[in-house]
Amino acid sequence: MRGKRLALLWLLAVGLLLGHNAWLWLGQRITPDTDILALLPVQERDPVLQQSFAHMVDSAQQRLVVLVGAEEWGDARRAADAYRGVLASRPGMFAATAVNDKTQDDWLALFQRHRLALLTAEQERQLRSEPTAFWEQAALGRMYNAFGGPKLGSWQDDPFGLFAGWVQERAQETPVRPRDGYLFVADRDGRNPRQYVLLPMTLTVPAFSITAQDTVLPLLEQAAAAARQAAPGVDLIPAGVILHAAAASGQAHGEMSTIGLGSLAGIVLLTWLTFHSLRPIVLILLSIAVGCLGAFSVCWLLFGRVHLLTLVFGASLIGVAQDYGIYFLFNRMAADPALSSRALLKRLMPGLILTLLAAVIGYMGLGFTPFPGLRAMAVFSALGLVFAWLTVVCWFPLLLAGGALKPGALARGYGALLQRWPVLRPGWSTAALAALFAAVALPGVLRLHPNDDIRLLQNSPKQLVADQLRLGKLLDAPTPVQYYLVRGVSEEEVLQREEALKQRLAPLAAQGVIGGWQAVSNWVPSLRTQDSRRALLQQKLLAADGPLRGVAAQVDEDADWVSATVALQQAAAQPLTLPAFLAAPSSEPWRHLWLGSTEGVVASIVALRGMDYAGLPALRRAADGLPGVQWVDKVGEISSVLGRYRVYMGWVVLAAYAVVFALLLPRYRGRAWRVLAPTALASLATLAAVGYLGHSLQLFHVLALMLLLGVGVDYGIFMQEQPDRRDATPWLAVGLSAANTILSFGLLGLSKTPALQAFGLTMLIGTALVWLLVPCFATKKEEPDAAAV
């Protein structure tokens, strides 16, 4: 009666979980997260630093840039028009940047009103060092020479060309130029120089939305086809986060199907060959289905979203969640038919509880990492095991109340192998095997070298990566993962600290370590700098005895002409403020560099162009001793976190062995070590195999060893619960469970996601070795503990 009540309660709980899943999936309220950054650690100790990185990434993730190039400018324009024409058919998807003469006028208007304080560093140096005659000749040259440099407005607006020089230097921050109503960039490298039209767009839909990806990518393919039809041979270079997100999403969907369906097919086939009955297959699939659906539902309630890679990893849960059902089914098959299933469950319950605890400890080891994605995987997997276990405990005794299970030919043949399987006993042969194991395993382990570079985990398609690199080179775009974070108590202090940093970066730019930098202070100098420059201009160029008087004498103008020219300059002497710049259209490409007030401080970003990665140490040193300036290398930071947690998780694995041993000791006493020994030896052998394969040791190998502990201990418990080798029941359970686990994680090892591949390969080798080793440590209960080595 108690069993039926428990089964009904579990039926109610499962009904709620199924209802929640139906509400999520059928109502299309769920879109698995594809943002790979959601898997990375959060910098909790420095919220300003974390916000700066998120700010840089957010500013880039909604952008989509396409370069349309051809040898002839007319072909490039025609192809770009065809490309834009297709995108215009879906006006709600993209916000494009308009380019025309008014755009350039709007861009210059703000700076023309404040031009007196806008100087380049070279101009300031010349003002301090060059004599009056130099500036007289400069002004005359601009007046009479048609090639005396760019002219913005009349000669009297900018007689010495200082504002034009400043604008020209700002324009050098990007190779993009306006041309015939288009944005133009030239590729003059290589044998086939091309002229490109730049099409910058901003997505109005989330880049990581699978629905948006399914809409945007076909549209881009149509646009590319239209461009190629308009100008055969056109070169298209697309780049954007949505392209990488869509590739990762498609890959994850494919792998989830391969791993999930492959695991299910393997389980169904092996279970059929073992029992020659549909009922065990249905029961195993029932426990797996409840485990997976329940885990998904609870994870969604806990986290508000589920990452697609969590589902891919969760697909491998199929190979582990079936262990409890298989163990119960084999014991039901071998038990006396007169023994009720409820009584059998009571007898098996201590072992089932220990196997669940060991497996959950293994999965929850993933939860000790700083990676949100891994924590979600840990919770998903642990919950899936608990739900599958509860399904076996609550329902299997009732569903197997009548009818006997009979072993198939596969089970009979495999079960007979146990009698011929070797057992390790004290003696020279065992000592020789131990020495041989050490001689083979130790060199492999010593060949392991850690490599925690996060870039090793990159798995974007090669073509996308190549396009991204080409576009970055053509546009001289800065990287969003290495930059300087500048902080201060006020806007003025931040701008002054940016200027101090730029003085240190100038020699590095001259040496070719960087191509240049992007900073708000390039456009809005600090008020201190503006005041200093205005005073310098007044003293050197606008004074009564300045170079304008000499120019007037040579062009036959009077003092009124000089006064009018000086008045025009002084009319543009008002300081340029940061709020005015940020509100102007010209600030749009640079607004992401200003973080504003956050966490009680004002912060900004100085981004680097054309960075030589060999110069990273010099760039790091450039920030030394500058108050409020911090070098941020997100790649290095995450790689360092991976390394620290690889070491940390190594100690966690050792601690987990101690915890599991403590759990086993009260039940198995002197035989507790026999449960752990196969998994420990298999772990060492797996590390040796990884070393011999030439793979570098990563955090994900260590995490897999944590999970291997949970899986391997299950097999050790199965064998120690019934150590009599005349009873093949536990051996059959271990064999079918291990085969299914190997199938699941073997398929995971085929993943193109490097982290999952390393995880799957480690589990594949480790599980196979535990399977082979575990019967060697199983002996009869009455044998003394000294009987095995």
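Residues numbered from 1 in each chain as written. Predicted model: local features only at pLDDT ≥ 70, side-chain atom pairs only at ≥ 80, totals over all residues. Heavy atoms only, no water.

**Here's the deal with the pattern of salt bridges**
Then, number 1: Following the criterion strictly, the structure yields 14 salt bridges and no others.
Then, number 2: One salt bridge in this structure joins Asp180 and Arg77, with 3.7 Å as the shortest N-O distance. Of this pair, Asp180 sits in the loop between β3 (177–179) and β4 (182–187) while Arg77 is found in helix α3 (residues 73–87), placing the two residues 103 residues apart along the sequence.
Then, number 3: Residue Asp180 is classed as partly exposed on the basis of its relative accessible area of 49%. (Salt bridge = Lys/Arg side-chain N within 4 Å of Asp/Glu carboxyl O. Helix = DSSP H or I, 4+ residues; strand = E, 2+ residues; numbered from the N terminus. Buried < 20%, exposed > 50% of the residue type's maximum accessible area, 1.4 Å probe, protein only.)

**Here we look at the side chain of Asn522**
Then, number 1: Along the chain, Asn522 falls in the loop between β8 (516–518) and α20 (527–540).
Then, number 2: Only 2.9 Å separates the side chain of Asn522 from the side chain of Lys502, close enough to count as a polar contact.
Then, number 3: Filtering out sequence-adjacent residues up to four positions away, Asn522 remains in contact with Trp166, Arg170, Glu173, Lys502 and Trp517. (Polar contact = N/O pair within 3.5 Å; in protein donor to acceptor, adjacent residues only side chain to side chain. Contact = heavy atoms within 4.5 Å.)

**A short note on a negative patch on the surface**
Then, number 1: Where like charges cluster on the molecular surface, the negative patch consists of Asp556, Glu557, Asp558 and Asp560.
Then, number 2: Residue placement: Glu557 occurs in the loop between α21 (547–554) and α22 (559–570). (Patch = residues over 30% accessible without salt bridge, like charges linked within 9 Å, V, L, I, M, F, W, Y side chains within 5 Å. Areas by Shrake-Rupley, 256 points an atom, 1.4 Å probe, with all protein chains shown as cover. Lys, Arg positive; Asp, Glu negative; His and termini not counted. Charge placed at Lys NZ, Arg CZ, Asp CG, Glu CD.)

**Re the layout of surface pockets**
Then, number 1: Taken as a whole, the second largest pocket encloses approximately 700 Å³ of empty space.
Then, number 2: As for the second largest pocket, its lining consists of 26 residues, and the residues nearest its centre are Ala121, Glu169, Lys502, Trp517 and Asn522.
Then, number 3: Of all the elements in the fold, those that place two or more residues in the lining of the second largest pocket are α5 (121–129), α7 (162–171), α19 (491–510), β8 and α20.
Then, number 4: The dominant element in the lining of the second largest pocket, judged by the number of residues it contributes, is α19, at 7 residues.
Then, number 5: When its residues are assigned to classes, the lining of the second largest pocket shows 8 nonpolar, 9 polar and 9 charged. (1 Å grid on protein atoms, 1.4 Å probe; cavity = no way out; pocket = protein on both sides within 12 Å on 5 of 7 lines; lining within 4 Å. Points joined across faces, edges and corners; volume = space filled by probe spheres on them. Nonpolar A, V, L, I, M, F, W, Y, C, P; charged D, E, K, R; others polar.)

**A look at empty space enclosed by the protein**
Then, number 1: Scanning all chains against the criterion turns up 3 cavities of 30 Å³ or more.
Then, number 2: Taken as a whole, the largest cavity holds about 110 Å³ of empty space.
Then, number 3: Residue classes in the lining of the largest cavity are distributed as 9 nonpolar, 1 polar and 3 charged.

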